[in-house]
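Topology and contacts: notes
In case you want the letters, here they are:
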Amino acid sequence: MAYSTGPTHVVGDECWLTNSKSAFIFKGDYREHLHLEDPSKKLYRNQSALPPLPVPDLNTSCETYLASVKALATEEEYARTLSHVREFLQPGGMGHKLHQRLLERAEEYGNSSWLQHWWNVGSYLQFRMSNVINVSYFFTFKDLPTGFRNDQVLRAALLTHGALKYRQLVCQGVDVNDRAQFPGCIGPGCATPFKYMFNACRIPLFGSDQSVHYSPEHPNHQHIVVIRKGQFFTFQASEGKDGMWEPFETEWLETQFSAIIRMADSGKAKPHVGCLTGAHRDAFAAARSRMVDSSPSNREFLDVVQSAIFCVCLDDAVPVTRTDTNSALWHGDSCQRWFDKSMQLVIFGNGKAGMVGEHSNYDGQPMVGVANFLLLHERKLIERVNSPSAQSEQKCARNRTSDAPRNISTLLQLSTDSLWDMQNAMAEYQQLVAKHDLSVLPYHGLGSTKIKTFRCSPDAFVQMVIQLAYKRMFGECRATYEPLSMRKFRHGRTETIRTVSTASQAMVSAMDDPNSSAADRALAIQNACSQHSAYTKKAAAGKVCDRHLMGLNMLRKAGEKLPGLFQDPLYLKSKTWHISTSNLSHELFEGWGWGEVVPDGLGVAYSTNKNMLLFNVTSARKFAADFCSFLEIAIRDMVEALEESRSTESKL
């Protein structure tokens, strides 16, 4: 999650987005593209039946807020906050005025979410720092089975074919959220994100970005872009609408990838323009403006990249450890990426692989659905390697005629100013990466299966582990953010689960109290988990406080005094996320993550798989490795307390 900074000056022709006439522009409001959600297609058939995001009751939101900040406050701080809230709730006061305005906005956005436009623009499109580290996210994929590893070209072809197949289903309007048809998918919910996944690219503009989405029906939009050693190549990968968007065969994809590797490794190096996408957004906007002004061929290059179905990055790096692989996916070498693409598949020289996602149009959960599909798809494909059907496919592939991959880096005509832009972008990016660290903790032997036997939600249990580890490492508990998908509502994005509570504080204290018994500690853990689960349930119904308070604050009119509630230091403290967490669990993921959201904070991505917990921790203060050690000890101590308590109970 990210928060925006202010816009800066405007120079140059920053408004050029594309030469294509078969594209639409996303400026942050999903309502502009409702016409693309065809209800006759199964993917969108339930869209109109989804409820809009509710506006919570004002008194209930304030009660939830007060309960959430009590654990973070001194008695004096809490008393002051309580006074501010009471003032806010006075009959006829600002709270009720703002709430009425929000109800009116919800009515205006009746076929959508009253939040989505604010959220898309303020949290993403107006965010000015580098998307990398701060916004984009990655998934690390499990290796292929023994016998199929260490083959970059094969892995690239398998994953690419899977992603193209998924895109075909989306273009045809198949319900990719149907669990009966697609095991492991994310299930029913808002389908709006799926039309933004492919043939899409974010565009840097001064102050607030936009994104351009190219029609998948156009014959010129059936290509992918491949990046190798900073060079950009393209080739057609799909049959297009007349061919029902059928992906080209895996052997043919292998042939193209092999040709690209030869071309990139033996050819003359061109400027590594991809580095610009890791820059500060306004710096990138200025650099892009200079590029498009200096040569029509630069615009052609950008249009090819932007309109590609997705990017495939064939890195020559060979990371071995989870930490090295995750770091290479999180940021890697910016020259080897185009971070503004909605989706990038990254395949390393030793066959390890993953995915990088751009965050502005939709959240990570829909992309988990893509990853799930292509990971299962590649495993199905390798089972057929020696089958008659596979041999028939290979024969088909050998008969295919197509142009060789095209090196579109040769289109670039870069001025001296543009070369300086790239030098500056690379230097600043290297400085940004250098101050960050990432560490991975796989904890085997404990997962969702065993945690449930302790009468705890696996997610809540891990959240309490994080609380205990943080308190032990830093000596205090701080505001902790966990997002919850709101896909059950039309155009819903996320709501905040506030982890810190009086129960979590009591649990943390009990765990290190020498006078606490195992039973005391176990009960404290279970109570804290229960309270976290209760908050999660309220959040899922849209009945908590964060997005509501944000909406109220957004509706102040010019000249109106800022209510004391929003000036209160405790309000700011309670939403300064020193611990930013999220749970995405998949048995075929080896890790996933993003960066911290405040300079001295932590990004804690975790998975609660059946028999393993997996943490990916990031920071800008070299906290990550130490925090993983505290996590490991916290898990052991909490499990020990729960098991000892259960053992004592069984003897009674």
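Thresholds, definitions, all that
Residues numbered from 1 in each chain as written. Predicted model: local features only at pLDDT ≥ 70, side-chain atom pairs only at ≥ 80, totals over all residues. Heavy atoms only, no water. Salt bridge = Lys/Arg side-chain N within 4 Å of Asp/Glu carboxyl O. Helix = DSSP H or I, 4+ residues; strand = E, 2+ residues; numbered from the N terminus. Buried < 20%, exposed > 50% of the residue type's maximum accessible area, 1.4 Å probe, protein only. 1 Å grid on protein atoms, 1.4 Å probe; cavity = no way out; pocket = protein on both sides within 12 Å on 5 of 7 lines; lining within 4 Å. Points joined across faces, edges and corners; volume = space filled by probe spheres on them. Nonpolar A, V, L, I, M, F, W, Y, C, P; charged D, E, K, R; others polar. Core = buried A, V, L, I, M, F, W, Y, C linked by side-chain atoms within 4.5 Å. Lys, Arg positive; Asp, Glu negative; His and termini not counted. Disulfide = S-S within 2.5 Å. Axes fitted to C-alpha atoms, helices over the stretch in contact; angles between N-to-C directions. Parallel < 35°, antiparallel > 145°, perpendicular 65-115°, else oblique. Left-handed = near helix turned anticlockwise from the far one by under 90°. Contact = heavy atoms within 4.5 Å. Pairing = 2+ DSSP bridges. pLDDT = per-residue confidence, 0-100.

A few words now on the pattern of salt bridges. Per the stated rule, a full pass over the model turns up 29 salt bridges. Between arginine 490 and glutamate 37 there is a salt bridge, with its nearest N and O atoms 3.6 Å apart. One end of the pair, arginine 490, is in the loop between strand S12 (480–485) and strand S13 (494–498); the other, glutamate 37, is in the loop between strand S1 (23–26) and helix H1 (58–70), with 453 residues separating them in the sequence. Ionic pairing is found between arginine 472 and aspartate 637, a salt bridge with its closest N-O pair at 2.8 Å. Linking arginine 472 in helix H15 (residues 458–474) with aspartate 637 in helix H21 (residues 624–651), this pair joins segments that are 165 residues apart in sequence. Its relative accessible area of 24% is what places arginine 472 among the partly exposed residues. Taken together, the shared-partner salt bridges in this structure form one network comprising Arg128, Arg202, Asp209, Arg281, Asp282, Asp340 and Glu358.

A few words now on empty space enclosed by the protein. Taken as a whole, this structure holds five cavities of 30 Å³ or more when the rule is applied. In this structure, the largest cavity spans a volume of roughly 80 Å³. Contributions of two or more residues to the lining of the largest cavity are made by helix H17 (518–540) and H21. Element by element, the count of residues in the lining of the largest cavity is highest for H21, at four residues. Counted by class, the lining of the largest cavity contains three nonpolar, three polar and three charged residues.

It is worth spelling out the nonpolar core at this point. Here is a general trend for soluble globular proteins: nonpolar side chains tend to be buried in one another's company. Residues Phe139, Phe141, Phe194, Ile224, Phe257, Phe310 and Met355 are the most contacted members of the largest nonpolar core, which totals 62 residues. The dominant element in this core, judged by the number of residues it contributes, is helix H6 (residues 152–172), at nine residues. Ranked by size, the runner-up nonpolar core spans 45 residues in total, among them Phe138, Val305, Trp330 and Val433.

Before going further, it helps to examine the side chain of arginine 487. By the secondary structure assignment, arginine 487 is in the loop between S12 and S13. The buried charged residue arginine 487 lacks any salt bridge, with aspartate 175 as its nearest oppositely charged partner at 7.2 Å.

A few words now on the layout of surface pockets. The volume enclosed by the largest pocket comes to roughly 1100 Å³. Around the largest pocket, the lining is made up of 49 residues, and of these Gln365, Ser485, Ser582, Asn583 and Leu584 lie nearest the centre. Going through the elements one at a time, strand S2 (137–141), helix H11 (364–383), H15, S12, S13, H17 and strand S14 (579–583) are the ones with two or more residues in the lining of the largest pocket. Looking at the lining of the largest pocket, the element that brings in the most residues is S12, giving five residues. Counted by class, the lining of the largest pocket contains 22 nonpolar, 21 polar and six charged residues.

Every disulfide links exactly two cysteines, by a covalent bond between their sulfur atoms. Counted under the stated rule, the structure contains zero disulfides. The thiol of cysteine 15 is unpaired, and the distance to the nearest cysteine sulfur, on cysteine 201, comes to 17 Å. For cysteine 15, a relative accessible area of 58% puts it in the exposed group. Cysteine cysteine 628 is unpaired, with the sulfur of cysteine 477 as its nearest cysteine sulfur at 18 Å. For cysteine 628, a relative accessible area of 5% puts it in the buried group.

Two numbers describe how H6 lies on helix H7 (residues 250–266): the axes approach to 8 Å, and their chain directions differ by 125°. Relative to H7, the element H6 is oriented oblique. The element H6 and its partner H7 pack so that their crossing is right-handed. Contacts between H6 and H7 involve Gln152, Val153, Leu154, Ala156, Ala157, Thr160, His161 and Leu164 on the former and, on the latter, Thr250, Leu253, Glu254, Phe257, Ser258 and Ile261.

Now for the packing of helix H8 (residues 281–294) against helix H13 (residues 416–434). Two elements in contact, H8 and H13, have axes whose closest approach is 9 Å; the angle formed by their N-to-C orientations is 155°. In terms of orientation, H8 lies roughly antiparallel with respect to H13. Where H8 crosses over H13, the two elements pack in a sense that is left-handed. The residues of H13 that touch H8, namely those facing Ala287, Arg290 and Met291, are Asp417, Ser418 and Asp421. Residues belonging to the contact of H8 with H13 are distributed by class as follows: two nonpolar, one polar and three charged.

Our focus in this paragraph is the environment of leucine 164. Mapping leucine 164 onto the fold places it in helix H6. Once the C-alpha coordinates of leucine 164 and phenylalanine 198 are considered, the two residues, 34 residues apart in sequence, prove to be 9.3 Å apart. Apart from residues no more than four positions distant in its own chain, leucine 164 is found in contact with Ile224, Ala237, Pro247, Leu253, Ile309 and Phe310.

Attention now moves to the sheet that holds strand S17 (residues 612–619). Judged by pairing direction, the sheet is mixed, and its six strands sit side by side in the order S11-S17-S16-S14-S12-S13 without closing on themselves. Each edge of the open sheet carries a strand with a single partner, namely strand S11 (437–444) and S13. Each neighbouring strand pair of the sheet contributes to a mean axis angle of 25°, computed without reference to strand direction. Bridge analysis of S11 against S17 gives eight bridges, and the strand direction is antiparallel. Of the residues in S17, the one forming a bridge with aspartate 437 is serine 619. Contacting S12 and S13, H17 crosses the sheet at an angle of about 160° to S13.

This part covers unusual backbone geometry. Residues other than glycine seldom take positive phi values, yet isoleucine 133 does so here, at roughly 75°. With a phi angle near 65°, histidine 491 is a residue other than glycine that sits in the positive phi range. With respect to the secondary-structure elements, histidine 491 resides in the loop between S12 and S13. Residue class for histidine 491 comes out buried when judged on its relative accessible area of 1%.

A few words on the pairing of S2. In terms of burial, S2 is largely enclosed, as five of its five residues are buried. What you see with S2 is no split at all: Tyr137, Phe139 and Phe141 on one side and Phe138 and Thr140 on the other are buried throughout. With four bridges connecting them, S2 and strand S9 (residues 353–357) associate as antiparallel partners. If you follow phenylalanine 138 over to S9, its bridge partner there is valine 356. Pairing of S2 with strand S15 (residues 589–593) involves four bridges; the strand directions are antiparallel. From the neighbouring strand, threonine 140 faces S15, where its bridge partner is glycine 591.

A residue-level look at the chain finds 95% of positions with pLDDT of 70 or above and a mean pLDDT of 94. Per-residue pLDDT stays below 50 along residues 1–14; that stretch engages in 37 contacts with residues further than four places along the chain or on separate chains.

Before going further, it helps to examine the environment of lysine 352. Tracing the chain through its elements places lysine 352 in the loop between strand S8 (343–347) and S9. The class of lysine 352 is buried, set by a relative accessible area of 17%. Beyond its immediate sequence surroundings of up to four residues, lysine 352 is in contact with Asp143, Arg155, Pro319, Val320, Thr325, Val346 and Ile347.

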